[in-house]
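Descriptive analysis of the structure
Residue-level listing of the chains:
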Amino acid sequence: MPDVFDEVHRRCRDGEPVALATVVATWHSAPQPPGAAMVVAADGTVVGSVSGGCVEADLYERARRVLDTGQPELCRYGISDDDAYTVGLTCGGILDVFVGRVDAGALPALDAVAAARRGGQPAAIVTCVAADDGTSPGAGPTDTARRLGRRLVLTGQRTVGSLGDDRLDAAARADALGLLAAGRSGPLRYGYHGQRRGDGISLFVTAYATPPRMIVFGAIDFAAAVTRIGAFLGYRVTVCDARPVFATARRFPEADEVVVQWPHRYLRTELAADRLDERTVVCVLTHDPKFDVPLLELALRHPLAYVGAMGSRRTHDERHKLLSEAGLSSEQLARLASPIGLDLGGRTPEETAVSVAAQIVAARWGGTGRPLAALDGPIHQPG
């Protein structure tokens, strides 16, 4: 839902109901992760995707039905279906998709999330996507129908909505805050009154965490290209350089901010203010020892997602020697991606940026960087 939230909010604000289809569980080589979403509006407009095209046609018809009836549906698609090549996933994966109607009644929840996003604050929507048939302890005969599609929204210290039971709300809030802190969407399972026993109610948490950060040090032409692709990948991008003549917003229009400061001092300030986390990506493009060494020494001592540095192999060897002399361990030095990027044979700043981005994506998801044609097994790794 993160990619389609604005569309859902806008249409509901204008009084137009929509059907929202959200991936709530995946197995094997599913093409999209949990949280991927597609919106179908009353006028037939489609925004977003749940499978990259494998099941969208069938899901569109289900969404139209949900729009008409108001009754949510939980459907499973996968290679195990008899009609796998018609409405299933020919890639071999399996996914569960929850389809629910969202209308003006959801506006308080949507407004709360929109306000949090504008303020750069994390938020989460917890939705009931499945309920047992009423045979679970504490479940009445109408519980299944009345629970499906109910939402609980968390924004900071504020809670909007309810899942239908105070104890369930409390349990879901505690666990959803944990998912939100990790920036991860995912399922939760409880009894009808919040018991952690694994049956009764299935919930899905859609997390709207603040965007991960990319900090590009060195205001050079290659930095402009890395900034553009970083923004494209969804990072909040900062460009930092100590030279004011180069570090200007005009040279880096895609950057969220351009900072004139010595690189290691800026990084130390951001770390001390707790504005960086394990999703943060650092790209050091200065290839100047007086900037690089103190900066990399600091970056490699913290659990950042990726630290890469540009330079020739001779530069790398000298930098490695200086960092070792500064007291970095072999494990810390092994985290340095230097020379930065994958071997794509690129030469231009744009081609180099693709190389850097490919290495960042591979580091995030555990990819090998090898051609898929040379590998066996699932294309999409779990995670």
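Scope of this entry: the structure provided in the associated data block.

**With respect to the packing of helix H1 (residues 5-13) against helix H4 (residues 107-118)**
- Packing of H1 against H4 leaves a shortest axis separation of 10 Å and a crossing angle of 135°. In terms of their interaxial angle, H1 and H4 are classed as oblique. As H1 packs across H4, the resulting crossing turns out to be left-handed. Between H1 and H4, the residues in contact are Phe5, Asp6, Val8, His9, Cys12 and Arg13 and Leu107, Leu110, Asp111, Val113, Ala114 and Arg117, respectively.
- A class-by-class count of the residues in the contact of H1 with H4 yields seven nonpolar, one polar and four charged.

**Quick word on the sheet that holds strand S15 (residues 306-309)**
- The parallel open sheet is built from six strands, whose spatial order is S13-S12-S11-S14-S15-S16. Bordering the open sheet on either side are strand S13 (257-260) and strand S16 (336-337), each of which pairs with just one other strand.
- For strand S11 (residues 213-217) and strand S12 (residues 236-241), the ladder comprises five bridges, and the chain directions are parallel. Counted as the bridge partner of Val216 is Val239 from S12.
- Packed onto the sheet, helix H7 (residues 221-232) meets S11, S12 and strand S14 (281-284) and runs at close to 175° relative to S11.

**Description of the packing of aromatic side chains**
- A full pass over the atoms with the stated rule returns three aromatic pairs.
- Each ring, one from Phe5 and one from Tyr208, has its centre 5.5 Å from the other, and the planes form 70°; the classification is edge-to-face. Within this pair, whereas Phe5 is found in helix H1, its partner Tyr208 is found in strand S10 (residues 201-208), the two being separated by 203 residues in sequence.
- Relative accessible area serves as the criterion here: at 0%, Phe5 is assigned to the buried category.
- Taking relative accessible area as the criterion, Tyr208 reaches 3% and is therefore assigned buried.
- With a centroid separation of 4.9 Å and an interplanar angle of 45°, the aromatic rings of Trp262 and Phe291 are classed as tilted. In this pair, Trp262 sits in the loop between S13 and helix H8 (263-272) while Phe291 sits in helix H9 (residues 289-299), placing the two residues 29 residues apart along the sequence.
- A relative accessible area of 9% places Phe291 in the buried class.

How each quantity is defined
- Residues numbered from 1 in each chain as written.
- Predicted model: local features only at pLDDT ≥ 70, side-chain atom pairs only at ≥ 80, totals over all residues.
- Heavy atoms only, no water.
- Axes fitted to C-alpha atoms, helices over the stretch in contact; angles between N-to-C directions.
- Helix = DSSP H or I, 4+ residues; strand = E, 2+ residues; numbered from the N terminus.
- Parallel < 35°, antiparallel > 145°, perpendicular 65-115°, else oblique.
- Left-handed = near helix turned anticlockwise from the far one by under 90°.
- Contact = heavy atoms within 4.5 Å.
- Nonpolar A, V, L, I, M, F, W, Y, C, P; charged D, E, K, R; others polar.
- Pairing = 2+ DSSP bridges.
- Phe/Tyr/Trp six-rings, centres within 6.5 Å; stacked < 30°, edge-to-face > 60°.
- Buried < 20%, exposed > 50% of the residue type's maximum accessible area, 1.4 Å probe, protein only.

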